[in-house]
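Reading the structure
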Amino acid sequence: MASTSLLKASPVLDKSEWVKGQSVLFRQPSSASVVLPNRATSLAVRAASSYADELVKTAKTIASPGRGILAMDESNATCGKRLDSIGLENTEANRQAYRTLLVSAPGLGQYISGAILFEETLYQSTTEGKKMVDVLVEQNIVPGIKVDKGLVPLVGSNNESWCQGLDGLSSRTAAYYQQGARFAKWRTVVSIPNGPSALAVKEAAWGLARYAAISQDSGLVPIVEPEILLDGEHDIDRTYEVAEKVWAEVFFYLAQNNVMFEGILLKPSMVTPGAESKDRATPEQVAAYTLKLLRNRIPPAVPGIMFLSGGQSELEATLNLNAMNQAPNPWHVSFSYARALQNTCLKTWGGRAENVNAAQTTLLARAKANSLAQLGKYSGEGESEEAKEGMFVKGYTY
């Protein structure tokens, strides 16, 4: 098994909780049971795993001021699309080179608190032979892992999908914990043009809840990601209406599955018009709708709201996040971006070794911009034309 080293200068996790060489946290099991009244008898329900205290600490570490998540969990096939865009072949060596560039960017941990990895990356070494997980931990970045197995057609629905991967998840999450991962990610999607049907919404919510319960039982903080796809011509009010139903269903089933809210992170879409809508929304409008929905649907116990960018341009995603942080929120309102952090960085690199430093500088600049947005201090000055380019692709699949 690969090892992790100490989380340096962590605002929450103590160094004594990390053991070099085995990536195992030794802890005192915490009591996490609650007795629910019943007309006939009392039923003891375990509300969280023996990792309860650790889960809370990990979630708070990731949801720390001025920091967010770098989503670099693209599957090998999706990573191949990224590489193809700069003329590179989809080989393990090329994937390794690009991922090395990302995790080793000097000072990245100042702005990034967690990195979501694909399974290959979790077990992979950098081009210099150092474990990717170790490089992240040395940067004070918590390693995470994508655990779902992707979207497949949902039979009986309106051409909608469901997310597979629950089979064998318990054993996989236990192995990922041993390898050094401390949080997990499961993405499911809801399509507004296709309904969404009640079946699709319920399937999405139930799958997220079961995944979250299993992940917590293995010591991994679950990122709960119910993505409302940008596809469609609908206005912002329709997005709000659908997201309100989806989020309500998700948190109903999370509670049904005894998931500890203090030990999860929510990764939702921002409330925006459909990508093909004639009506555009300002950052202030996006913030107003999104924060209203958070207040109406999300318990304050959830420590972090780590928004996905979902095809927005780098600039759009940062401006919208900044607008949401102009006043205090009950939650840490931050980012978990993939393309909105990597797009310009990837183009700058272009697969050339001599461009690595310039690409890392670009990544750091984008990460810093979003760090400032998380603090509500982003100005938008000096942004490049590349940062303004939209990244929405109709019917995009990962």
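One numbering rule holds for all chains: residues counted from 1, following each sequence as written. Thresholds applied to this predicted model are a pLDDT of at least 70 for local features of residues and 80 or more for the giving and counting of side-chain atom pairs; totals over whole chains, interfaces and linings are not thresholded and use all residues. Side-chain metrics rest on all non-hydrogen atoms present in the structure, leaving aside hydrogens and water.

Details of the pairing of strand β11 (residues 304–307)
So the rule is basically this: Think of it in three bands: residues with accessible area under 20% of the maximum for their type are buried, residues over 50% are exposed, and the middle band is partly exposed, with areas taken using a 1.4 Å probe on protein chains only. Numbering of helices and strands runs from the N terminus; a helix is a DSSP stretch of H or I covering at least four residues, while a strand is a stretch of E covering at least two. Paired strands, as defined in this entry, are two strands with at least two bridges between them according to DSSP. Every crossover in which the path from the first strand over the helix to the second runs clockwise, viewed with the strands pointing away from the viewer, is termed right-handed.
Here β11 shows a buried face lined by Gly304 and Met306 and a second buried face lined by Ile305 and Phe307. Here strand β10 (residues 265–266) runs beside β11; their pairing, made up of 2 bridges, is parallel. Looking at the pairing, Leu265 lines up with Gly304 of β11. A crossover links β10 with its parallel partner β11, the connecting element being helix α9 (residues 283–297), and its sense is right-handed. Judged from the 4 bridges that link them, β11 and strand β12 (residues 332–337) form a sheet pairing that is parallel. Bridge pairing in β12 places Phe307 opposite Phe335.

As for unusual backbone geometry
Here the residue pair Gly195 and Pro196 is connected by a cis peptide bond, since its omega of -15° sits within 30 degrees of zero. Inspection of the secondary structure puts Pro196 in the loop between β8 (183–190) and α7 (198–217). Of note in this structure, Asn140 is not a glycine but carries a positive phi near 65°. When you line up the elements, Asn140 lands in the loop between α5 (132–138) and β5 (142–146). Its identity as a non-glycine residue notwithstanding, Asn258 has a phi of 60°, on the positive side. Residue class for Asn258 comes out partly exposed when judged on its relative accessible area of 30%.

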